[in-house]
Amino acid sequence: MTQDWRLFQGGDTRPHTVETWPAAPPWRRFGEDARRRDKERPLPYLISDEDRDVVNMALHLHRPLLVTGRPGTGKSTLAHAIARELTLGEVLHWPVNSRSTLTEGLYSYDAVGRLREASLKRRADEAAGTEPDIGDYLRLGPLGTALLPARTPRVLLVDELDKGDVDLPNDLLTVFEEGEFEIPELARLGEGREVRVQYAGSREKVGITSGWVSCRVFPVVVITSNGEREFPPAFLRRCVRLDLKQPDEAQLKQIVTMHLGEEVGARAQELIADFVSRRNERELATDQLLNAVRLRSSGVRVDQDVLDKLFRSLNEVDAQ
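This one's a predicted model, so the numbers in the text were calculated from it and none came from an experiment. (Residues numbered from 1 in each chain as written. Predicted model: local features only at pLDDT ≥ 70, side-chain atom pairs only at ≥ 80, totals over all residues. Heavy atoms only, no water.)

Glancing now at the sheet that holds strand E1 (residues 65-68). Here we have five strands laid out as an open sheet, ordered E2-E5-E10-E1-E11, and parallel in their pairing. The open sheet has two edge strands with one neighbour each: strand E2 (92-95) and strand E11 (240-243). Recorded for the sheet is a direction-independent mean angle of 20° between the axes of neighbouring strands. Across the sheet, helix H2 (residues 49-61) touches E1, strand E10 (220-225) and E11, and the angle it forms with E11 is around 160°. (Pairing = 2+ DSSP bridges. Helix = DSSP H or I, 4+ residues; strand = E, 2+ residues; numbered from the N terminus. Axes fitted to C-alpha atoms, helices over the stretch in contact; angles between N-to-C directions. Contact = heavy atoms within 4.5 Å.)

Residue placement: Arg-229 occurs in the loop between E10 and helix H9 (233-237). By relative accessible area, which is 22% here, Arg-229 ends up partly exposed. For the pair Arg-229 and Val-166, spaced 63 residues apart in the sequence, the C-alpha separation amounts to 9.0 Å. Excluding residues within four positions of it along the chain, Arg-229 makes contact with Leu-161, Asp-162, Gly-164, Asp-165, Val-166 and Pro-169. From its side chain, Arg-229 meets the backbone oxygen of Asp-162 in a polar contact 3.3 Å long. From its side chain, Arg-229 meets the backbone oxygen of Gly-164 in a polar contact 2.8 Å long. (Buried < 20%, exposed > 50% of the residue type's maximum accessible area, 1.4 Å probe, protein only. Polar contact = N/O pair within 3.5 Å; in protein donor to acceptor, adjacent residues only side chain to side chain.)

It is worth spelling out the pattern of salt bridges at this point. What the rule picks out here adds up to 10 salt bridges. Here Glu-177 makes a salt bridge to Arg-238, at a shortest N to O gap of 3.6 Å. You can see Glu-177 sitting in helix H7 (residues 168-178) and its partner Arg-238 sitting in the loop between H9 and E11, a full 61 residues away along the chain. For Glu-177, a relative accessible area of 37% corresponds to the partly exposed category. The class for Arg-238 is partly exposed, based on a relative accessible area of 26%. (Salt bridge = Lys/Arg side-chain N within 4 Å of Asp/Glu carboxyl O.)

The element strand E5 (residues 155-159) is largely enclosed, with a buried count of five among its five residues. Covered by surrounding structure in E5 are Val-155, Leu-157 and Asp-159 together with Leu-156 and Val-158, the residues of both alternating faces.

Below, the discussion takes up unusual backbone geometry. Of all residues except glycine, most have a negative phi; of all peptide bonds, most are trans. One non-glycine residue with positive phi stands out, namely His-62, at about 55°. Tracing the backbone shows His-62 in the loop between H2 and E1. Phi is positive for Glu-160, which is not a glycine, with a value near 60°. Here Glu-160 lies in the loop between E5 and H7. The class for Glu-160 is partly exposed, based on a relative accessible area of 26%.

Laid out in structure tokens, this is it:
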């Protein structure tokens, strides 16, 4: 066990280089490192046969998949697993909060920016009588991008819908049923007018005619919820529902092994058992276990005090 794992000492100035800086855990790598790891060693998604069949039901029925379960059960990860296995491209991510609206998910329009640029052009006597291209001030949101016409669907992750406004699930019903929506700012330009607009996750633009976006095939929509409130019956009827259970001790060992390797997984049994025991008493997430195992495998002395800090109840964290 190393005795100087603490990089920060509160006063001891020590220069660090790339060689001395600690390597990131596999799940905290970004950019090219993350893409290379996913390509070289894509991780399987651990799921029961019963739950896998529910996912396939949603795919065949072209219905949204509403995934519930406690934090750390893999709700959001499921969307990425579907996209990777079925080669459906990057996941379109819409993180919902209390201020989220349907329009935000569909598109955004910077009317103020367009007006400002038009005013500046008039003052400079440039392009007299013309207006800035409205397409430069419109951008499709994740939901709007998912509804673009394509031969194969995109995967849309609507994350933590239960944190949104109480009316948001009902607002989504028409879009989910019709698979299309109108952009009024473009529709007012006239029938047959095409405007090129940037879409989510890309700097490219796509042409939208007459202000309408209509999907050719319904996207793979994965909606997650932590169960903070109930959804309207009409919304639930239009979803295929999947409730993910917490992984048991054997599954936790598989998860640790997948992320950190066979040798680390074999030495982590004591930590896993401790984690399961604590989880029976309070709400904990699987990534808290991964953090503890990662620290121990890095040479950190994971004593009771460290575990108490890492295995803090999620309810206790939320209360702060």
